[in-house]
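Examining the three-dimensional arrangement
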Amino acid sequence: MTFKRVAAASVAALMVASPVMADLVFPSLSYRTGPFAAGGIPYADGFADYMTLLNERDGGIGGVAIQVPECETAYNTEKGVECYESTKGMGALAYNPLSTGITYQLIPKATADDIPLYTPGYGRTSAANGNVFSHVFNFPANYWNGASAAINHVLDLNGGDLKGKKIVLLHFNGAYGKEPIPTLTKLGEKHGYELTTIPIDYPGQEQKAQWLQIRREKPDYVLFWGWGVMNQVAIQEAANIRYPMDQFIGVWWSGAEHDVKPAGEKATGYKAMTFHGVGSDYPVFDDLQKYVVDAGKAAGDGSNVGTVIYNRGVYAAMMLAEAAKNAQEIHGVADITSAQMRDGLEQLEITNARMAELGMEGFGPEFKVSCANHGGPGAIAIQQWDAAAGKWSLISDFGASDMDVIQPLIDADSAAYAAENNIEPQCN
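Below: a short report on this structure. Quantities reported herein were computed from a predicted structural model and do not represent experimental measurements.

Time to look at the overall build of the protein chain. Within the protein chain, the secondary structure is distributed over 15 helices and 15 strands. Projected onto its principal axes, the C-alpha coordinates of the protein chain cover approximately 70 × 50 × 40 Å. A total of 428 residues make up the protein chain; the buried ones form 55% of that total. Put simply, 71% of the contacts in the protein chain that link residues at least 6 apart link residues at least 24 apart. Here the protein chain displays about 16300 Å² of accessible surface, and carbon together with sulfur accounts for 48% of that area.

Here it is as structure tokens:
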């Protein structure tokens, strides 16, 4: 028998011998209130519903039930830290903070507490370096991958030549919105485009000045790092000045249904990056409907199933569930600890075959996590909005990032963090 088979058998034997076990606890630092609730609600619903599906259909993970206690942060960093402190004693196995600001504050705390952070598509980008950030995982992609993916798409549209082009980064004026600037700056040096950064202060309901500047400068492309109400405001303002929507490209947090629908037909052609599939044409959503929504056990009213941000919550929950299963097999126990959960994350491998077993074939790229690489493959696709059809469609495959530019940035930023915090290399 292989090690994993022996471990799986040990898990099964343990479940028979020890029927009373603590639940597997994955706290949800959600925000169902405030200016970012439009994105926070479907994400929290998708995350909770997938865990409920595992409980209802499979009896949990490895025979152990799952708990998802929610704590409202309102996307406020201080409240997020308070939620962490108030829930970690419940036996928390991992945290998915859903906020770059909260993530930055929790990195030293969670590391000291031996609790992993899972920050897919957000957080501190250089945490992809597991040699420094032992307890932070941001696979399958991060903001620097996103910046590179946007430029790769623009390169494709221009025959590989961006010399003399003007590109604007319109961004949330905070840690999240500033994350892509180093990468876009370096890529500008490489490809010869002119980069202008235009910040939007929280919550972003007023953007007249920013779009007047864009109108004056007439950039060839606008890249957008927004979140919450500022997304729909930005898309409406772009429509107001007749900026070409197919030259307006948002990061994955700026590309949901609620971002584009308020602008009606004028939003058609708007693009956004994504690191996972769109729509509900995957078997897992049939199971979610049957075991969760129709059974009256959904976190919300079921109307968000299959939408972009709901899908992202499902995807994040699936990754954590697979890592927990992996941890059970590695350690031969069903009732895992947060330290063992960290091992499950660091040795996680997602294959096409496994995705098919989960009813999510083609939903995301294959990848393997390692001690040195906590960031995954950085493979990004482009989606585009069709208002008449009322849906997003993928218009590209999941493509690789420019790691020749990104990896040195990761190395430099993580090395600076290690020096500041006296962190020795974690990997042999």
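Structure's up, so let's keep going.
Now for the nonpolar core. Ranked by size, the top nonpolar core spans 114 residues in total, and within it Phe26, Tyr50, Phe248, Trp253, Met273 and Met341 carry the most contacts. Ranked by the residues each element gives to this core, the list is headed by helix α12 (residues 308–331), at 14 residues. Cys71, Cys83, Leu117 and Tyr417 belong to the second largest nonpolar core, which has 19 residues in total.

What follows concerns the packing of aromatic side chains. Using the criterion set out here, one finds 28 aromatic pairs in the structure. Geometrically, the ring pair formed by Tyr143 and Trp225 is edge-to-face, given 6.4 Å between the ring centres and 65 degrees between the ring planes. Residue Tyr143 is found in helix α5 (residues 143–157), and its partner Trp225 is found in strand β9 (residues 221–225); the two are separated by 82 residues along the sequence. Classification of Trp225 as buried rests on a relative accessible area of 0%. Summarising the aromatic geometry, the rings of Phe172 and Tyr176 are spaced 6.0 Å apart at their centres and angled 40 degrees between planes, so their arrangement reads as tilted. Overall, Tyr176 belongs to the buried group, its relative accessible area being 3%. Above the plane of the ring of Trp253 lies Arg312, whose end atom (NZ or CZ) is 4.7 Å from the centre.

A separate point is the pattern of salt bridges. All chains considered together, the criterion is met by 16 salt bridges. Measuring nitrogen to oxygen at the nearest pair gives 3.1 Å for the salt bridge that ties Asp413 to Arg124. Taken together, the residues span a long stretch of sequence, with Asp413 in helix α15 (residues 403–421) and Arg124 in the loop between β5 (117–118) and β6 (136–137) at a distance of 289 residues. The salt bridge partner of Glu322 is Arg354, with a shortest N-O separation of 2.7 Å. Of this pair, Glu322 sits in helix α12 while Arg354 sits in helix α14 (residues 352–357), and the two are 32 residues apart along the sequence. One network of salt bridges, with partners in common, ties together Glu85, Lys88, Lys109 and Asp113.

Before going further, it helps to spend a moment on the state of the cysteines. Within the structure shown, the criterion is met by two disulfides. Between Cys71 and Cys83 runs a disulfide, and the two sulfur atoms are separated by 2.0 Å. What sets the handedness of the Cys71 and Cys83 disulfide is the S-S torsion sign, and at about -75 degrees it is left-handed. Here Cys83 lies in helix α3 (residues 77–87) and Cys71 lies in strand β4 (residues 70–72), a separation of twelve residues in the sequence.

Before going further, it helps to examine the side chain of Ser414. Among the secondary structure elements, Ser414 is positioned in helix α15. Among the polar contacts listed, one links the side chain of Ser414 to the backbone oxygen of Ile410, at a separation of 2.6 Å.

Time to look at the side chain of Gln207. Among the secondary structure elements, Gln207 is positioned in the loop between β8 (194–200) and α8 (208–217). By relative accessible area, Gln207 is classed as buried at 0%. With near-sequence residues (within four places) excluded, Gln207 lies in contact with Leu170, Ile200, Met230, Val233, Ala234 and Glu237.

It is worth spelling out the environment of Tyr310 at this point. Tracing the backbone through its elements, the reader meets Tyr310 in helix α12. Along the primary structure Tyr310 and Ala38 are separated by 272 residues, whereas in three dimensions their C-alpha atoms are 11 Å apart. Ignoring sequence-local partners within four residues, the contact set of Tyr310 consists of Pro42, Tyr43, Asp45, Gly46, Asp49, Phe285, Leu288, Asn304 and Val305.

With that out of the way, let us pick up the sheet that holds strand β11 (residues 271–274). With mixed pairing, seven strands are arranged side by side in an open sheet as β8-β7-β9-β10-β11-β14-β15. One side of each edge strand has no neighbouring strand; the edge strands of this open sheet are β8 and β15 (391–394). The sheet shows a mean angle of 25 degrees between the axes of neighbouring strands, direction not considered. When β11 meets strand β14 (residues 381–386), the two strands line up antiparallel, connected through four bridges. Opposite Ala272, over in β14, you have Gln383 as the bridge partner. On the sheet, α5 packs against β7 (166–172), β9, β10 (248–250), β11 and β14 and is oriented at approximately 160 degrees with respect to β9.

Procedures and definitions
Residues numbered from 1 in each chain as written. Predicted model: local features only at pLDDT ≥ 70, side-chain atom pairs only at ≥ 80, totals over all residues. Heavy atoms only, no water. Helix = DSSP H or I, 4+ residues; strand = E, 2+ residues; numbered from the N terminus. Buried < 20%, exposed > 50% of the residue type's maximum accessible area, 1.4 Å probe, protein only. Contact = heavy atoms within 4.5 Å. Areas by Shrake-Rupley, 256 points an atom, 1.4 Å probe, with all protein chains shown as cover. Core = buried A, V, L, I, M, F, W, Y, C linked by side-chain atoms within 4.5 Å. Phe/Tyr/Trp six-rings, centres within 6.5 Å; stacked < 30°, edge-to-face > 60°. Lys NZ or Arg CZ within 6 Å of the ring centre and 35° of its normal. Salt bridge = Lys/Arg side-chain N within 4 Å of Asp/Glu carboxyl O. Disulfide = S-S within 2.5 Å. Polar contact = N/O pair within 3.5 Å; in protein donor to acceptor, adjacent residues only side chain to side chain. Pairing = 2+ DSSP bridges. Axes fitted to C-alpha atoms, helices over the stretch in contact; angles between N-to-C directions.

Any link to function would need more than the numbers given here.
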